[in-house]
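An overview of the molecular structure
Listed here are the chains, written in short residue letters.
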Amino acid sequence: MTPERRARTMTRRYAQVLALEAAIIAALWVFGHLYR
Amino acid sequence: MRVVDWIVVALYITWIVVDGLRRSKRTHEVEGYLLANRSLAWWVSGLSVMATQMSAVTIVSTTGLGYLTGLRFVQLYFGLPLAMVILSMTVVPFFTRARVYTAYEYLEQRFDARTRSLAALLFLVGRTASLGVTLAAPAVVMSVILGWTVPVTVLAICVPMIVYTTLGGVQAVAWTDVKQMFVVVGGMLSAVAILLYGILGHVSLGQAMHLAGSTGRLQAVDFTFNPKETYTFWSGMIGGLFLMLSYFGCDQSQVQRYLTARSEDESRSSLLMSAFVKIPLQLLILSTGVLVFVFYVFKTPPMLFNRAYDDRVAASPQAADYAALQRRFDDTIAARRDAASNGDRDAFLRIDAEVRDIRAGAVALVKQASGDAGYNDANYVFPTFITTQMPIGLVGLMIAAIFAAAMSASGGELNSLATATVIDFYKRRFRPAAPDSHYVTVSRVATIAWGLLACLVAMQAANQGSLIEVVNRYGSYVYGAILGVFILAILTKRATSRGAFYGMIAAMIVVVTVAQTSTISYLWYNLIGAAVAVAVGLVLSVRPPATSQRPAVRVSP
């Protein structure tokens with residue numbers, strides 16, 4: 001794997017991590033409002 | 001616990017010890033013993049990172065928190081994914097390219113020996129005490145549940161853990177962690193299945209969630225900004241971020257886990273595994289606690305989950321009051337069940353508040369009768385559910401999971417204590433050039449010595465609840481300072497050894513002062529400590545004395 005491709009892969013993973021976290025927090029917030 | 005359950009626990013503990021040792025290779029070399037020759041796959045290191053962080057307290061106390069307060073504790077981990085991304089981009093390349101054994105070794109490459117020694121010493125003191133608490137907290141609970149004495153319970157956790165950590169080194173620790181993570185997750189999923197089976201016999205899943213939600217237990221996110229509150233979105237995102245940066249970036253018990261990965265990218269991936277999985281895993285554990293609450297709406301719970309003090313309360317002047325509370329509790333629980341079954345939300349909430357008051361009264365009576373001011377009934381909720389409600393065989397699996405979590409967290413910590421002792425002190429100051437076999441022998445002796453000391457600390461901490469609090473506070477006093485020094489080392493070029501050393505000391509003084517004079521949540525201490533260390537470090541680096549000047553960064557990312 002070339003260094004550029006490795007760097008792109010890691011950047012994509014970082015973005016996935018942060019997107020997943022944002023989705024979980026949003027889902028928890030909605031869930032908390034649905035069941036209160 | 002029946003015979004089958006004991007057999008499950010015994011077989012499991014034997015298996016993890018034997019298999020951990022079987023998988024340990026080239027442990028006669030110091031790099032093999034301490035860093036697995038930097039050969040482990042990312043998922044092995046990643047599971048080891050997670051298992052080291054997840055102690056038995058996570059299973060016992062976090063489910064209790066879920067039962068009492070719901071999902072809001074999960075906010076503590078909101079800073080973790082971002083912390084993992086930052087660490088993957090910053091410290092991981094530095095540590096892996098510098099080929100260090102310990103995080104503190106890097107501080108000498110960048111600054112000087114005294115900065116390294118101070119950071120390593122703070123780690124050794126804090127981690128030994130913390131290891132004692134990691135062992136003591138579950139031992140106290142399990143001793144009540146299993147009817148053992150605290151010293152026997154501590155030894156039941158310690159002896160197998162010290163054996164596999166001493167003989168197999170980091171490889172045995174990592175492979176044991178892998179199995180333990182599967183057992184813990186499997187155990188929790190089994191508990192969820194049993195809980196759902198019990199609950200769905202009375203109400204639908206939607207009704208169960210409305211019941212839990214009506215008490216506020218499903219309100220996981222609180223956007224209020226209040227530094228005095230520990231569990232809010234902002235405390236988790238900002239304070240939690242710095243806590244996780246300190247823990248995963250500067251604490252040898254974690255750094256050593258990802259240094260065992262076979263490449264820089266695999267080290268990064270092992271950290272990112274926690275970033276992906278940690279919050280869902282915490283939600284699973286907290287949700288289990290919430291489900292236990294709903295389960296006990298339809299099944300009569302004990303007034304207090306810890307029955308160990310029953311005899312003492314019965315023989316005390318508080319006996320009559322306690323019996324009266326018990327009668328009131330039985331009536332109230334029946335009324336709450338009826339309200340829940342009829343879907344009468346207002347009545348359910350009113351009666352549930354009454355149940356809470358009765359429990360609080362019972363806890364106060366137990367504290368008076370037993371003299372145990374730190375008594376916390378929440379810690380006994382889940383273990384009591386396991387031993388009284390789960391089917392034969394699964395009880396053994398769950399008890400094995402709790403022991404597994406205690407051993408996996410403490411094994412990693414013990415292994416890192418031995419590593420810092422040998423690499424940062426023994427090799428650095430006493431025997432810089434000895435054969436590998438010598439360092440491996442010294443590492444094994446150090447592992448046993450730290451293990452025995454941790455057992456003693458655990459037994460002492462178990463008898464003295466306030467000691468656990470002191471230890472927990474110690475970590476928050478020093479972590480920020482150490483993080484600040486690493487920020488100076490990695491992100492600035494002008495910082496000098498003098499600035500780093502005195503910046504670290506200044507940060508600890510400021511954090512202790514803030515802790516003693518304000519009510520700010522401990523989550524913010526790491527941010528304050530790191531900020532002070534960086535600021536003081538940079539100021540003192542402006543005109544360093546000629547004698548303390550060190551070469552600029554030797555290792556570049």
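Before any of the text, the structure's been laid out above.
Quick summary incoming for the structure in this document. (Residues numbered from 1 in each chain as written. Chains lettered and ligands numbered in written order. Predicted model: local features only at pLDDT ≥ 70, side-chain atom pairs only at ≥ 80, totals over all residues. Heavy atoms only, no water.)

This next bit is on the overall build of chain B. Broken down by element type, chain B carries 22 helices and zero strands. Here the C-alpha atoms of chain B give a radius of gyration of 24 Å, agreeing with the 24 Å that 2.2 N^0.38 yields for 557 residues. A burial count over chain B gives 61% of its 557 residues as buried. The long-range fraction of contacts in chain B, counting pairs at least 24 apart against all pairs at least 6 apart in sequence, stands at 85%. Accessible surface for chain B amounts to roughly 20,400 Å². Of this, 63% is attributable to carbon and sulfur atoms. Taking the average location of the 44 positive side-chain charges in chain B and that of its 31 negative ones, the two points are 10 Å from each other. (Helix = DSSP H or I, 4+ residues; strand = E, 2+ residues; numbered from the N terminus. Rg over C-alpha atoms; globule rule 2.2 N^0.38 Å. Buried < 20%, exposed > 50% of the residue type's maximum accessible area, 1.4 Å probe, protein only. Contact = heavy atoms within 4.5 Å. Areas by Shrake-Rupley, 256 points an atom, 1.4 Å probe, with all protein chains shown as cover. Lys, Arg positive; Asp, Glu negative; His and termini not counted. Charge placed at Lys NZ, Arg CZ, Asp CG, Glu CD.)

Now for unusual backbone geometry. Residues and elements named next belong to chain B. Backbone geometry at Arg 38 places phi at a positive 50 degrees, although glycine is not the residue there. Mapping Arg 38 onto the fold places it in the loop between helix H2 (30–35) and helix H3 (42–53). The buried category is assigned to Arg 38, whose relative accessible area is 9%. At Arg 99, a position not held by glycine, the phi torsion is positive, near 55 degrees. Locating Arg 99 in the fold gives a position in the loop between helix H6 (91–98) and helix H7 (103–110).

Moving on, we get to the side chain of Ser 410 of chain B. Summarising the element assignment, Ser 410 of chain B is placed in helix H18 (residues 394–430). For Ser 410 of chain B, a relative accessible area of 0% translates into the label buried.

A word on the packing of aromatic side chains. All names here are of chain B. Throughout the structure, instances matching the rule amount to 26 aromatic pairs over all chains. For the pair Phe 73 and Tyr 231, a centre-to-centre distance of 5.2 Å together with 70 degrees between the ring planes defines the contact as edge-to-face. Of this pair, Phe 73 sits in the loop between helix H4 (56–69) and helix H5 (80–89) while Tyr 231 sits in the loop between helix H10 (205–214) and helix H11 (233–250), and the two are 158 residues apart along the sequence. Under the relative-accessibility criterion, Tyr 231 is labelled partly exposed at 21%. Through pairs of rings, three or more aromatic residues link up here, namely Tyr 67, Phe 293, Phe 295, Tyr 296, Phe 305, Phe 382 and Phe 385. For Arg 114, the ring lying beneath its charged end belongs to Phe 501, and the centroid distance is 4.3 Å. A cation sits over an aromatic face here: Lys 427 above Tyr 439, 5.3 Å from the ring centre. (Phe/Tyr/Trp six-rings, centres within 6.5 Å; stacked < 30°, edge-to-face > 60°. Lys NZ or Arg CZ within 6 Å of the ring centre and 35° of its normal.)

What follows concerns the environment of Arg 99 of chain B. All names here are of chain B. For Arg 99, a relative accessible area of 49% puts it in the partly exposed group. Between the C-alpha atom of Arg 99 and that of Ala 404, which follows or precedes it by 305 residues, the distance is 31 Å. When residues no more than four places from it in sequence are discounted, the contact partners of Arg 99 are Glu 31 and Arg 38.

Now for the interface of chain A and chain B. Taken residue by residue, the interface counts 19 residues in chain A and 31 residues in chain B. Carbon and sulfur atoms make up 73% of the area that chain A and chain B hide from each other, which totals about 2,200 Å². If you sort the residues of chain A by the area they bury against chain B, Tyr 14, Leu 28 and Tyr 35 of chain A come out on top, with a joint share of 28%. Connecting chain A to chain B are one salt bridge. Residues Arg 6 of chain A and Asp 265 of chain B are paired through a salt bridge, measuring 2.6 Å at the closest nitrogen-oxygen approach. Our count for the contact surface shared by chain A and chain B stands at four residue pairs in polar contact (both at pLDDT 80 or more). Of the residues contributing to the side of chain A that touches chain B, the split by class is 12 nonpolar, three polar and four charged. (Buried area = accessible area lost by both parts, 1.4 Å probe. Salt bridge = Lys/Arg side-chain N within 4 Å of Asp/Glu carboxyl O. Polar contact = N/O pair within 3.5 Å; in protein donor to acceptor, adjacent residues only side chain to side chain. Nonpolar A, V, L, I, M, F, W, Y, C, P; charged D, E, K, R; others polar.)

This brings us to the packing of H4 of chain B against H18 of chain B. Residues and elements named next belong to chain B. Direction vectors running N to C along H4 and H18 enclose 125 degrees, while the axes themselves pass 6 Å from each other. One way to sum up the angle between H4 and H18 is to call them oblique. Side by side, H4 and H18 meet where Ala 56, Ile 59 and Val 60 of the first sit next to Ala 401, Ile 402, Ala 405 and Ala 406 of the second. (Axes fitted to C-alpha atoms, helices over the stretch in contact; angles between N-to-C directions. Parallel < 35°, antiparallel > 145°, perpendicular 65-115°, else oblique.)

We now examine the pattern of salt bridges. Using the criterion set out here, one finds 19 salt bridges over all chains in the structure. Taking the shortest distance from any N to any O, the salt bridge between Asp 19 of chain B and Arg 22 of chain B comes out at 2.7 Å. Of the two residues, Asp 19 of chain B and Arg 22 of chain B both sit in helix H1 (residues 3–22), three residues apart, roughly one turn of that helix. For Asp 352 of chain B, the salt bridge is made with Arg 356 of chain B, and the minimal N-O distance between the two is 3.1 Å. Of this pair, Asp 352 of chain B and Arg 356 of chain B both sit in helix H16 (residues 345–370), four residues apart, which is roughly one turn of that helix. A residue is classified by how much of its surface remains accessible, and Asp 352 of chain B, at 3% relative accessible area, is buried. One connected set of salt bridges, linked through shared partners, spans Arg 6 of chain A together with Arg 97, Glu 264, Asp 265 and Arg 268 of chain B.

What follows deals with a nonpolar patch on the surface. A cluster of nonpolar side chains, contributed by Trp 29, Val 30 and Leu 34 of chain A together with Phe 223, Phe 225 and Trp 234 of chain B, occupies part of the molecular surface with about 610 Å² of accessible area. Per-element tally for the nonpolar patch: the top contributor is helix H1 (residues 3–34) of chain A, with three residues. Within the secondary structure layout, Phe 225 of chain B lies in the loop between H10 and H11. (Patch = residues over 30% accessible without salt bridge, like charges linked within 9 Å, V, L, I, M, F, W, Y side chains within 5 Å.)

These values are about where atoms sit, not about what they do.
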